[in-house]
Amino acid sequence: MEHTLLKSIFYLTLLFIAYFSPATELAGYSFGITQDKSGFIYQASQKGGFRLDGENYVPLSDLFEVPNNWLEDVRYLEKNNELLLAYGDLGLYKIDLNNNQTSLLTNSGCWRIGIIENVIYCLRGHKLNSYEYEGKKLEPMKLLPDDLKVHSIADGYIDTDVGLFMVDGNTAKLIDKTPAMYTKISNNEYGLVAWRDQALYYYDSFGKSKSIPWPTMPKSIYALGNTVFIEKNGAVVHLNLMDFSVINEKVNVVNSPIRRIFKDDAENMWFISSNNVQIKPAAITQISLPISSDYNIKVLSE
């Protein structure tokens, strides 16, 4: 009951921000953002990790026994009700939100986190470390040969200097043999959207792919259902993945380039620039004036 009430208050606060304050300051540059089942938002930034409750930014180091250092990424494991925190050279930490206990899973460097079923992999520079995870500790495993250079990762996908891999269980399968030097990728339940060397690709879950030219490397990509939100010259363009047709040429109103896109559990979209965020409500209801007025009568009579 308490969690339900907290979540309701939190969402109402977000909607208030979205309607009345399009640009809201975050706690530093956002490198990662996620949400737990209680409604709390967690942000990774150069100032450390923070928990947002709709009104306050609370440093994670004030709540849990974690470093007060630059936090590179944060992910939520709903199945276990756990947070994973990537602290760069300090390693990968876990917070068990059931009892608020903290543990260091590995002291190997971790900048970005990828998750697929019981496999967790960490990107450090161009090097990938992968592990099996059963909820208590990490067991090292090998997904890719050690000599591969990894450019980017998403849940279930790894883009390298020899091509794009899809992770299936404890193995990685090459699904595109064309190597790319510059990449940015985003997955969802239907497949993967990837910007690779001046082209935008969509790889569906059946192994089919399609692409269109896209000369400029986007600062952010967010795959959502059969659509994708992609940054282009400061604007966020909303595309249909069936044919890459434009749904909306500019979704955001924040002037600076959008560097991260996030959807919360209330279906609201967050468009995050360097230190600002625009929260776009999932649905806007237009309400008519409740009573007639002289102005309405005048307009109707003209």
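Residues numbered from 1 in each chain as written. Predicted model: local features only at pLDDT ≥ 70, side-chain atom pairs only at ≥ 80, totals over all residues. Heavy atoms only, no water.

## Concerning the overall build of the protein
How we decide: Comment: elements are numbered from the N terminus, with helices defined as DSSP H or I runs of at least four residues and strands as E runs of at least two. Residue exposure (1.4 Å probe, protein chains only): buried if accessible area is under 20% of the type maximum, exposed if over 50%, otherwise partly exposed. Should any heavy atoms of two residues lie within 4.5 Å, those residues are considered in contact.
Counting its regular elements, the protein contains three helices and 28 strands. Within the protein, the fraction of its 302 residues that count as buried is 49%. A separation threshold of at least 6 residues defines the contact pool for the protein, and within that pool the share at least 24 residues apart is 39%.

## Regarding the environment of Arg124
Keep this limit in mind: As used in this structure description, the phrase polar contact means that two N or O atoms lie within 3.5 Å; if the pair is within protein, one of them must be able to donate a hydrogen and the other to accept it, and residues adjacent in sequence are counted only when both atoms belong to side chains.
Position of Arg124 relative to the elements: it lies in strand β11 (residues 119-124). With a relative accessible area of 40%, Arg124 lands in the partly exposed category. Placed 15 residues apart in sequence, Arg124 and Gly109 show a C-alpha to C-alpha distance of 5.9 Å. With sequence-adjacent residues up to four places away left out, Arg124 is seen in contact with Asp89, Gly109 and Trp111. Within the structure, Arg124 has its side chain in polar contact with the side chain of Asp89 (distance 3.2 Å).

## So, the confidence of the model for the protein
Here is the rule: The pLDDT value expresses, per residue, how confident the predictor is, ranging between 0 and 100.
Per-residue confidence for the protein averages 84 on the pLDDT scale, and 83% of its residues sit at or above 70. Long-range and interchain partners of residues 1-24, a stretch whose pLDDT sits below 50, account for 43 contacts in this model, where long-range means more than four residues apart. Note that residues 284-302 has pLDDT below 50 and, in this model, four contacts with residues that lie over four places away or in other chains.

## Observations regarding the state of the cysteines
The condition that has to hold: Disulfides are defined in this document as cysteine sulfur pairs within 2.5 Å.
With the rule as written, the count across this model stands at one disulfide. Across a sulfur-sulfur distance of 2.3 Å, Cys110 and Cys122 are joined as a disulfide pair. Between Cys110 and Cys122 the disulfide shows an S-S torsion of about -80°. By sign, it is left-handed. Of this pair, Cys110 sits in the loop between β9 (101-106) and β10 (112-116) while Cys122 sits in strand β11, and the two are 12 residues apart along the sequence.

## Some remarks on the packing of aromatic side chains
We apply this condition: Ring pairs are drawn from Phe, Tyr and Trp, using the six-membered ring of Trp, whenever the two centres fall within 6.5 Å, and their geometry is named by plane angle: stacked under 30 degrees, edge-to-face over 60, tilted for the rest. Both a distance and an angle decide whether a charge sits over a ring: NZ of Lys or CZ of Arg must be within 6 Å of the ring centre and within 35 degrees of the ring normal.
One pass over the structure, following the stated rule, counts five aromatic pairs. Centroid distance Tyr201 to Tyr203: 5.8 Å. Interplanar angle 15°. Geometry classified as stacked. With centroids separated by 5.8 Å and ring planes inclined at 75°, the aromatic side chains of Phe262 and Trp270 adopt a geometry described as edge-to-face. A relative accessible area of 9% places Phe262 in the buried class. The side chain of Arg51 reaches across the aromatic face of Phe40, ending 4.0 Å from its centre. Between Lys232 and the ring centre of Trp214, over which it is positioned, the NZ or CZ distance is 5.0 Å.

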